[in-house]
Amino acid sequence: MNLTNTTTSPPPLPPPASFLKPLPPLISGVPDSIVLVILPIAAYWVLSLFFHFLDVHDLLASYRLHTPAEVLKRNHVSRREVVRDVIVQQIIQTIVGLAIGVSEPEEMIGGEWWEIMGLYSKFMGDWRYKLVEVAYWYLIPAARFWVAIFIMDTWQYFLHRLMHEVKWLYKTFHSRHHRLYVPYAFGALYNHPFEGLLMDTIGAGIAYKISGLRIRGAMTFFTFSTMKTVDDHCGYALPFDPLQYFFWNNAGYHDVHHQGWGIKTNFSQPFFICWDRWLGTQWTGGDVSARYAASREKAAEQLAKDGITPKQKENITASIPQKGVSPTAYMNGEATNGLKPRIPNGKPKAQADGSRRQVIDIDGSSVLREEQNEETAAENVRLRTRVNGSVR
């Protein structure tokens, strides 16, 4: 029945109950409240296993931010522990998600025409009515989606930064996530359960409630946020990945935050970097190529000391050209006088010193020795660069 052509007078609000009916489930026989909690978890493991497949079969190796040797030698937690803690967080996430789904009123359809006409009846039969329809069906949902993104970014930035600024919070909760100095995809939600509940689950729930997203919009938002978080920890700088192409807050950006010299910078997550820019917490030390090269070398040396055979070493520690991180000068990003692996003075030095202090407080002097060894290795990279003209 085409109600648009039956009258030009404003319809009654709310619409008659006879026109309302429950929204049909997205998947027949499965309530949307169940799909709401299943989709993000399914997306997490499907995307994580895709990147894990790339790791295992050494595909797209030239786009890796770190070598397999670094994953083995620099991380302070086993993959088994990571999987266990991620599953714990997802169980908590499921319980909270189901509670939200049960508490929400059943979404009804059939009253949309009344909602539009109750506000814009004067446009009836006018071309402007079509604009109102476009706004109602597309522009307003898109605006709600972006509001949800901004709220989640804001919540996570300030809570994430607080976890780093307050020593007790970092030591008790957030330091667990930073046992992964070399992030990989399925470690994206490796957190202390309380931190995961507060930062991820509750943060997403608040964004959903305040933005006014409806159930299908919430499915998209939660799933998209999960995929973005996994991609940020994937360990690959992929120029053809849309999640990395359209967002500056990507795997390369967040990886700096996981390094011992950048841990108190680049707090923004998971979408935009505006809060880092507005509040001056973005990494300012320029190109990090020399540090990444030094880290690769150090991991290779440690494997050699562990008795890895030359063939094994060749397979897992081959030098990888960094397409995601430009091999230009480290200092200020300028390609002059070869690589400058030491962090420049001023704000970059203060950022790195603060990062190191936080790491040392938790992991002890061994990390400081590791940093000093990386400095030495980086100097060797610089010297070879003068001779060879590039970093491989």
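Residues numbered from 1 in each chain as written. Predicted model: local features only at pLDDT ≥ 70, side-chain atom pairs only at ≥ 80, totals over all residues. Heavy atoms only, no water.

- Going by what an unreviewed UniProt entry lists, the chain is known as Fatty acid hydroxylase domain-containing protein and is assigned to Choiromyces venosus 120613-1.

A look at the UniProt feature "transmembrane region" (unreviewed entry) in the chain
Next, step 1: Taking the numbering used here, the UniProt-annotated feature "transmembrane region" (unreviewed entry) corresponds to residues 33-54 and 135-159.
Next, step 2: In this annotation, residues 33-54 is assigned 100% helix and 0% strand; the end-to-end C-alpha distance for the span is 33 Å.
Next, step 3: Between the end C-alpha atoms of residues 135-159 the distance is 34 Å, and the span holds 100% helix and 0% strand. (UniProt positions renumbered as here; feature names shortened; annotations may be inferred. Helix = DSSP H or I, 4+ residues; strand = E, 2+ residues; numbered from the N terminus.)

What to know about the nonpolar core
Next, step 1: Judged by nonpolar contacts, the single largest core of 29 residues is most densely connected at Tyr44, Phe51, Val82 and Tyr236.
Next, step 2: Listing elements by their share of this core, those giving two or more residues are helix H1 (32-56), helix H3 (79-103) and helix H10 (251-257).
Next, step 3: Beyond its immediate sequence surroundings of up to four residues, phenylalanine 51 is in contact with Ala185, Asp231, Cys234, Tyr236 and Leu238.
Next, step 4: By size, the runner-up hydrophobic cluster in this structure holds 18 residues, among which are Phe145, Ala148, Ile215 and Phe271. (Core = buried A, V, L, I, M, F, W, Y, C linked by side-chain atoms within 4.5 Å. Buried < 20%, exposed > 50% of the residue type's maximum accessible area, 1.4 Å probe, protein only. Contact = heavy atoms within 4.5 Å.)

Some remarks on helix H8 (residues 215-232)
Next, step 1: Over its 18 residues, H8 extends 26 Å from the first C-alpha to the last, a length consistent with the 26 Å expected when each residue adds 1.5 Å.
Next, step 2: In terms of burial, H8 is largely enclosed, as 13 of its 18 residues are buried. (Expected span 1.5 Å × (residues − 1).)

Concerning unusual backbone geometry
Next, step 1: A cis amide bond links glutamine 269 to the next residue, proline 270, at an omega of -5°.
Next, step 2: Its location among the elements puts proline 270 in the loop between H10 and helix H11 (274-279).
Next, step 3: The backbone of aspartate 58 shows a phi angle near 55°, a positive value even though the residue is not glycine.
Next, step 4: By secondary structure assignment, the location of aspartate 58 is in the loop between H1 and helix H2 (68-74).
Next, step 5: One non-glycine residue, asparagine 266, lies in the positive phi region at around 55°.
Next, step 6: Structurally, the position occupied by asparagine 266 is in the loop between H10 and H11.
Next, step 7: Accessibility expressed as a relative area gives 2% for asparagine 266, which makes it buried.

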